[in-house]
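As a plain string of letters, each chain reads:
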Amino acid sequence: MAAHVVVVGSINADLSVQVSRRPAPGETVPGDSALVRPGGKGANQAVAAALLGAQVTMVGAVGDDANATVALEQIDASGLDHTHVRRLPGPTGLAIVVVDEHGENSIIVIPGANLSVDAELVAQNAKTIREAAVVVAQGEIPASGTAQAASLTTGRFILNLAPAISLPTEVIRQADPLVVNEHEAELVLAALRPDRHASTTASHDELARALLETGIPSVVMTLGAQGSLVAEQQTGGVTTVPSATIASVDSTGAGDAFVGALATQLADGQSLVEAARFASRVGAFACTRPGAQDSYPTRNDALPPLND
Ligand code: RIB
């Protein structure tokens, strides 16, 4: 049986709006379409991993409104274990996702039930988290919930610090890997190394190495169409992972597909570089279809090749 991945994180309904161009302040523009789809960084990562064949358990919460049904659609369909998802009185997390004609998105998140995924709620799932080979967390639930998940982890802890919320240093130093984009990497460095002057000229390689120097065991820095960088204490090296060439329709949740795929591969015993190479192809695939979870590949889908 595949090793067990537990995702502790957010579950949202995404109101996904397609526009030709974004409105300027004070301006009204016509939209092309609007759909409510399943989303949330935690749920996206859990569904991505489950569709790729991992044995996944989701820890999180939805509300008791109509959006809860949409938010749980793919969680249900992907076959992952959602017996640890609480249904609480009040609204489900809601994301307003605006997708432009280039497939780029901007997102506003109203957390709703995700705000209840705190240390206490996470501790109620202590046994499941302790027994996981891989635990995945992000920054869309209260910091106390993510910190509790880290403290209960006995396996490998993947921390996708998106958004880059403030967490105790020891939680960030447990990340193996810490998955961040360039902007999040700068924010984490500023928090861990307040003495360091943010440099506009620092290369991605230098940023990744600076993160390793703070004591984080490994870092994966995602760079969109440029691929990603893998940096590891163990080898001391930084490896470039290319992206795949695709026609992007909607990049919503592509980063989450990347993290879900990474978790699947690490739970399977792959090296971090091999896992990132596979994840890069999965993330690229997710850009070729609209939505987040609705765009994710299964094990049977052909993934685009990397630009090696
Ligand atoms: O990463 C994409 C996700 O961010 C969306 O699905 C939305 O729910 C927000 O959480």
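Look up a bit, the structure's there.
A brief report on the enclosed structure follows. (Residues numbered from 1 in each chain as written. Predicted model: local features only at pLDDT ≥ 70, side-chain atom pairs only at ≥ 80, totals over all residues. Heavy atoms only, no water.)

Tallying secondary structure elements over the chain gives 10 helices and 13 strands in all. Its C-alpha atoms give the chain a radius of gyration of 18 Å, within 12% of the compact-globule value 19 Å for 308 residues. When the backbone C-alpha atoms are referred to their principal axes, the chain occupies close to 50 × 45 × 40 Å. Burial analysis of the chain (308 residues in total) assigns 53% to the buried set. Partitioning the contacts of the chain with sequence separation of at least 6, the portion at a separation of at least 24 is 63%. Split by element, the accessible area of the chain, about 12,800 Å² in all, is 52% carbon and sulfur. (Helix = DSSP H or I, 4+ residues; strand = E, 2+ residues; numbered from the N terminus. Rg over C-alpha atoms; globule rule 2.2 N^0.38 Å. Buried < 20%, exposed > 50% of the residue type's maximum accessible area, 1.4 Å probe, protein only. Contact = heavy atoms within 4.5 Å. Areas by Shrake-Rupley, 256 points an atom, 1.4 Å probe, with all protein chains shown as cover.)

With that settled, consider the site of the ligand. With respect to spatial proximity, the complete set of residues near the ligand consists of Asn-12, Asp-14, Gly-39, Gly-40, Lys-41, Asn-44, Ala-95, Ile-107, Glu-140, Gly-253 and Asp-256. Between Glu-140 and the ligand, the recorded distance is 2.5 Å, taken from a side-chain N or O atom to an oxygen atom. Separating an oxygen atom of the ligand from a side-chain N or O atom of Asp-256 is a distance of 2.7 Å. Alone, the ligand offers 280 Å² of accessible surface; in the complex the protein occludes 96% of this. Only strand E2 (12–19) and helix H1 (41–51) provide two or more residues apiece to the shell around the ligand. Of the residues that constitute the shell around the ligand, the class distribution is 2 nonpolar, 5 polar and 4 charged. (Near = heavy atom within 4 Å. Polar contact = N/O pair within 3.5 Å; in protein donor to acceptor, adjacent residues only side chain to side chain. Nonpolar A, V, L, I, M, F, W, Y, C, P; charged D, E, K, R; others polar.)

Read across the sheet, 9 strands follow the order E5-E4-E1-E8-E9-E10-E11-E12-E13 without closing on themselves; strand pairing throughout is mixed. In this open sheet, the two edge strands, each paired with only one partner strand, are strand E5 (85–87) and strand E13 (238–241). Strand-to-strand, the axes of this sheet are offset by a mean angle of 20 degrees, without reference to chain direction. Bridging between strand E11 (residues 218–222) and strand E12 (residues 228–232) involves 5 bridges; their strand directions are antiparallel. Each bridged residue has a counterpart across the sheet, and for Met-221 the counterpart in E12 is Leu-229. Each of strand E1 (4–8), strand E4 (55–62), strand E8 (134–137) and strand E9 (156–160) is contacted by H1, which is oriented at about 160 degrees to E4, the strand it contacts most. (Pairing = 2+ DSSP bridges. Axes fitted to C-alpha atoms, helices over the stretch in contact; angles between N-to-C directions.)

Before going further, it helps to examine the pattern of salt bridges. Taken as a whole and judged by the stated rule, the model has 10 salt bridges. In this structure, Asp-294 engages Arg-37 in a salt bridge whose closest nitrogen and oxygen atoms are separated by 3.0 Å. One end of the pair, Asp-294, is in the segment after helix H10 (272–286); the other, Arg-37, is in strand E3 (residues 31–39), and 257 residues separate them in sequence. Between Arg-277 and Asp-308 there is a salt bridge; the shortest N-O distance is 2.6 Å. A residue pair is termed long-range when its members are at least 10 positions apart, and Arg-277 in helix H10 and Asp-308 in the segment after H10 qualify at 31 residues. A residue is classified by how much of its surface remains accessible, and Asp-308, at 70% relative accessible area, is exposed. (Salt bridge = Lys/Arg side-chain N within 4 Å of Asp/Glu carboxyl O.)

Turning next to the pairing of E11. For E11, a buried count of 4 out of 5 residues is recorded, marking the element as mostly surrounded by other parts of the structure. Of the pairings in the sheet, the one linking strand E10 (residues 178–181) to E11 comprises 4 bridges and is parallel in character. Within E11, the position partnered with Val-179 by the bridge is Val-220. In sequence, E11 turns back onto E12 through a hairpin of 5 residues, with Gly-224 there showing a positive phi of about 60 degrees.

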